Amino acid sequence: YYWKVIGISLCFIIPILVLIFVFKFFIAGLLLLLYILFLAPFIDTPMGQLKGTLVYHSPLFITQKSGNNKLILHGGTLFDYVFTIDKSLNGQERKKFIILGYLRGLLSLINAYETGIMTDQSLKGTSYIINERTATKIGFKKVPVDGVQYIILAFNYFTLMAAYSVANAKLSFPKLSEVKTFEASLSELAERKGFIKDLEKFLSNSLSKKL
């Protein structure tokens, strides 16, 4: 996989370097930066999984340890979107599929908690897919997005835009002001397990003819 990534990358990087150093077309440096930002999830995500810093609980739901008995939730990266989402799905169906991945990941975490594999932990995640009403019904509560998170999102806006476009099945530009952060404990989510299972079943049935 990495040799393929390197080979494809060289096909883009070498021409850009030629433009910069041979033709003094320095604006091409911006293209190089954008490509590196775009490439990052295709390197960092599988590497994080191999190292164990990223743990998949479903194909579109990842956790990352943050210390002090806390987990950071990631609803899949651009890497996951590209390799997991069926290209035949339209925008609405893709969002359902992404949320279905969230729900299955949450159920996996809840089951680990209920069987004693995991202790009660605090979960925190930022999303532009799930709305506040649904998050509240699942067991999350909305908390302020900290300034550092906005800086990280702004720096990775190009990658975020690419993932958002894949999720919508068309070129889309996410508004950082609409990004929301949610928080809950495993015990709080376990209390809503019935609702989460019902919602997972509903979305699964609505997509069964497509998948």
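Values in this document were obtained by computation on a predicted structure and should not be read as measured data.

## Things to note about the pattern of salt bridges
Part 1 of the argument: In the structure shown here, the tally under the stated rule is 3 salt bridges.
Part 2 of the argument: For Lys193, the salt bridge is made with Glu114, and the minimal N-O distance between the two is 2.8 Å. Of this pair, Lys193 sits in helix 9 (residues 193–207) while Glu114 sits in helix 4 (residues 91–114); the two residues are 79 residues apart in sequence, bridging distant segments of the chain.

## Re the nonpolar core
Part 1 of the argument: Core analysis: the largest hydrophobic core is formed by 41 residues, its most contacted members being Tyr81, Ile98, Leu109, Ile138, Phe140 and Leu189.
Part 2 of the argument: Elements represented by at least two residues in this core include exactly strand 3 (70–74), helix 3 (78–84), helix 4, helix 5 (132–138), helix 7 (157–168), strand 6 (180–185), helix 8 (186–191) and helix 9.
Part 3 of the argument: Residue contributions to this core peak at 11 residues, all from helix 4.
Part 4 of the argument: Ile98 has contacts with Leu60, Tyr81, Ile85, Ile129 and Ala167, leaving out every residue within four places of it along the chain.

## Topic: the sheet that holds strand 2 (residues 61–65)
Part 1 of the argument: Across the sheet, which stays open at both edges, the 6 strands sit in the order 1-2-3-4-6-5 with mixed pairing between neighbours. Strands at the two margins of the open sheet, each flanked by one partner only, are strand 1 (55–58) and strand 5 (141–143). Within this sheet the neighbouring strands show an average axis-to-axis angle of 30 degrees, counted without direction.
Part 2 of the argument: Bridge analysis of strand 5 against strand 6 gives 3 bridges, and the strand direction is antiparallel. Opposite Lys142, over in strand 6, you have Phe182 as the bridge partner.

Reading the values: rules and limits
- Residues numbered from 1 in each chain as written.
- Predicted model: local features only at pLDDT ≥ 70, side-chain atom pairs only at ≥ 80, totals over all residues.
- Heavy atoms only, no water.
- Salt bridge = Lys/Arg side-chain N within 4 Å of Asp/Glu carboxyl O.
- Helix = DSSP H or I, 4+ residues; strand = E, 2+ residues; numbered from the N terminus.
- Core = buried A, V, L, I, M, F, W, Y, C linked by side-chain atoms within 4.5 Å.
- Buried < 20%, exposed > 50% of the residue type's maximum accessible area, 1.4 Å probe, protein only.
- Contact = heavy atoms within 4.5 Å.
- Pairing = 2+ DSSP bridges.
- Axes fitted to C-alpha atoms, helices over the stretch in contact; angles between N-to-C directions.

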